[in-house]
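# Fold and contact review
Chain by chain, the residues run as shown.
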Amino acid sequence: MAEKGSVLRGDPRLDKLRWSRRLSLTSRILFVNVLPLVLLGGGVLYLDSYRKQLLDERFKLALVEAQITAEALAGATPQRQEALLIQIGKEQRLRIRVYGPDGKLESDSFKLAAPSFDLPEATEVDQSDFALRMDRWFDRVVGAPALPDYVDPEADDASAWPELVRAREESLTQIVLRDAPDGTHVINAAAPVGLDGDTLLITRNPADITQSVREARTTVALVVLLFLLVSTLLSFFLAQTIVRPLRELVQAAVRVRQGRDRQVEVPRLPDRRDEIGMLARAVSDMTAALRHRIDAVESFAADVAHEIKNPLASLRSATESLGTVDDPELRAQLLDIATHDVRRIDRLVTEISDASRIDAELSRAEFERVDLAELLRNIVSSREERGENEGRAVTISCDGGAHSVSGVGMRLERVIENLLDNAVSFSPPNGTIDATLIRREGRVLLTVCDEGPGIPEEKREKVFHRFHSDRPEGEDFGNHSGLGLAIGRTIAEAHDGSLHAEGRSDGSEGACLVLDLPAAR
């Protein structure tokens, strides 16, 4: 339809819609709701990396401590070894155990002096403790491998510790990480002592690492909770900014559906540049278009009712008079009048039918290559044979380019027929109609010019409105219904083209109608 094409092509609102993605409500809502999750994920990854870094440092420290302690104990007297165990264990907060060549425990710093740290038994730890549960949840999230539990064996000898066994077999320092019952970590480092077959086991409980990670985790949790609170509040705010205008639009749409559209003022929300604003303006424009369509239908019905009364009254008068007239000549005149009136009504009904279904037909049609020059010549030749040009001469001129377009040949033929009908209608008797075909910048232009009175500039757009009829004085309504040019523009726009009116380029009297179509590739 002509109105539809004029709205869709070159509408600045469509350009705004393309650029409004940066203001998308979807993006805002997603950002607000995903941000806390992103922060949580980032915090989890950071804490896992932070914990691994601290443990790596303690591993290196345990390795150095085991090697240094082993060197210090090598060759020392038993009394000196005990003094070193007590001193190193107290200063470095370690538990140091020495096992003889037979694997039996010979010395234990926790038995020689007061323990430098305490590890609770599994039965003493509350397994529902929040910090312990958070540690386990955190390990599952980051996919941390399960660690063996740290349990002091009842019979404390070298065979109870796998790291001691490997250290004795490979003569290399071995380090193992275990979990204490309270959720902290225990680092065991085993190293050979001298050449006598002795081995030592250093045990460290880096509880400060777990405490640091828990404090960092608490900070992250507080930040995430804060953002969740802000996100929830913003989500409610965004929901209100979406729901409230949508409710107003729904109420307006319901009232329009109920037939009270004349009392409805659809909110346009001019300050909004998001999808809600675009929807509000689209609904408002749709309502305006609906009102315009209703007005057009009412105007059409009134025009048809007014214009069709003349041929119907004439037809009724002729048919009623036929029964009372005996004069053969007069009866023949009445029959001619009735036949003419029937043709007028038939043409009017045909034009209305075509105008109503042309959009649907073009939407389903398959385009093909059409030579517009050949089509124009065939149409002019056929019209000459049928005498439809009524004595007007039609001249055809084409430039040297190709004039093929992609479209529906039957519908393009209808456009050219309407243009020629219009030119014949307004051209004086024995006048000339000029049809010119040129190709310019990938477009094919067909210009049909007459020698009639011309179209005033202020009316050049109105002549394409449906039901508009500005006919030559004395011409019957049935011959030109006012739908021909409107149908022609609809067909042109369905072919990605246009149809417009302009004055003659040579300044002489007359009007030119220009059909502009994209050239076929």
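These numbers were taken from a predicted model, which means no experiment stands behind them. Numbering of residues starts from 1 in each chain and follows the order in which that chain's sequence is written. It should be noted that, the model being predicted, local features are given only for residues of pLDDT at least 70 and side-chain atom pairs only at 80 or more, the latter also being counted only at that level, while totals for whole chains, interfaces and linings use all residues. Hydrogen atoms and water are omitted, and side-chain values are computed over all heavy atoms in the structure.

Another point: the overall build of the protein. For the protein, the count of helices and strands is 13 helices and 12 strands. A simple rule labels every residue: compare its accessible area, found with a 1.4 Å probe on the protein chains alone, to the largest value its type can have, and call it buried under 20%, exposed over 50%, or partly exposed in between. Each of the 521 residues in the protein was classed as buried or not, and the buried ones make up 40%. Considering only contacts within the protein whose residues lie at least 6 apart along the sequence, 67% involve residues at least 24 apart. Each accessible area is a Shrake-Rupley estimate made with a 1.4 Å probe; only the visible protein chains count as cover when residues are assessed. When the accessible surface of the protein is split by element, carbon and sulfur atoms take 55% of a total near 29,600 Å². Working definition: helices are DSSP H or I runs of at least four residues, strands are E runs of at least two. Numbering for both runs from the N terminus. Contacts are assigned to residue pairs that have any heavy atoms within 4.5 Å of one another.

There is a patch of nonpolar side chains on the surface, built from Val-223, Leu-226, Phe-227, Val-230, Leu-234 and Phe-237 and spanning about 500 Å² of accessible area. Along the chain, Val-223 falls in helix 8 (residues 207-257). The patches described consist of residues with a relative accessible area above 30% and no salt bridge, like charges being joined within 9 Å and nonpolar side chains (Val, Leu, Ile, Met, Phe, Trp, Tyr) within 5 Å. The salt bridge definition used is simple: a Lys or Arg side-chain nitrogen within 4 Å of an Asp or Glu carboxyl oxygen.

Attention now goes to the environment of Gly-503. Among the structural elements, Gly-503 can be located in strand 11 (residues 498-503). Note on Gly-503: relative accessible area 27%, which makes it partly exposed. Considered as a pair, Gly-503 and Ile-455 are 48 residues apart in the sequence and their alpha carbons are 7.4 Å apart. With near-sequence residues (within four places) excluded, Gly-503 lies in contact with Arg-460, Gly-510 and Cys-512.

Attention now moves to the environment of Asp-208. With respect to the secondary-structure elements, Asp-208 resides in helix 8. Sequence spacing of Asp-208 and Thr-184 is 24 residues, and the spatial spacing of their C-alpha atoms is 8.7 Å. Two N or O atoms form a polar contact when they lie within 3.5 Å of each other; inside protein one atom must be a possible hydrogen donor and the other a possible acceptor, and for residues adjacent in sequence the pair counts only when both atoms belong to side chains. Within polar-contact distance, the side chain of Asp-208 engages the side chain of Arg-58 at 2.5 Å.

Side-chain pairing between opposite charges can occur once the charged atoms of the two side chains come close. One pass over the full model with this rule turns up 17 salt bridges. Salt-bridge contacts for Glu-65 lead to Arg-204; the nearest nitrogen and oxygen are separated by 2.4 Å. Residue Glu-65 is located in helix 3 (residues 25-73), and its partner Arg-204 is located in strand 5 (residues 198-204); the two are separated by 139 residues in the primary sequence. There is no split in this pair, since Glu-65 and Arg-204 are both buried. Salt-bridge contacts for Arg-383 lead to Glu-388; the nearest nitrogen and oxygen are separated by 3.5 Å. For Arg-383, a relative accessible area of 0% puts it in the buried group.

So, about the sheet that holds strand 1 (residues 95-99). Taking strand neighbours across the sheet as the criterion, the five strands line up as 2-1-5-4-3 in an open arrangement whose pairing is antiparallel. In the strand order of this sheet, the two ends are held by strand 2 (105-108) and strand 3 (174-179), each with one partner. Recorded for the sheet is a direction-independent mean angle of 20° between the axes of neighbouring strands. Its contacts with the sheet place helix 4 (residues 78-92) against strand 1, strand 2 and strand 5, and it is angled at close to 150° to strand 1. In this scheme, strands are said to pair when DSSP sees at least two bridges between them. Where helices are involved, their axes are fitted lines through C-alpha atoms of the stretch in contact, as for all axes, and angles between N-to-C directions lie from 0 to 180°.

Another point: the sheet that holds strand 9 (residues 432-440). One open sheet accounts for five strands, arranged 7-9-10-12-11; its pairing is mixed. Lying at the two open borders of the sheet, with one neighbouring strand each, are strand 7 (393-398) and strand 11. Direction aside, the axes of adjacent strands within the sheet are offset by 20° on average. As judged from the seven bridges shared by strand 9 and strand 10 (residues 443-449), these two strands associate in the antiparallel manner.

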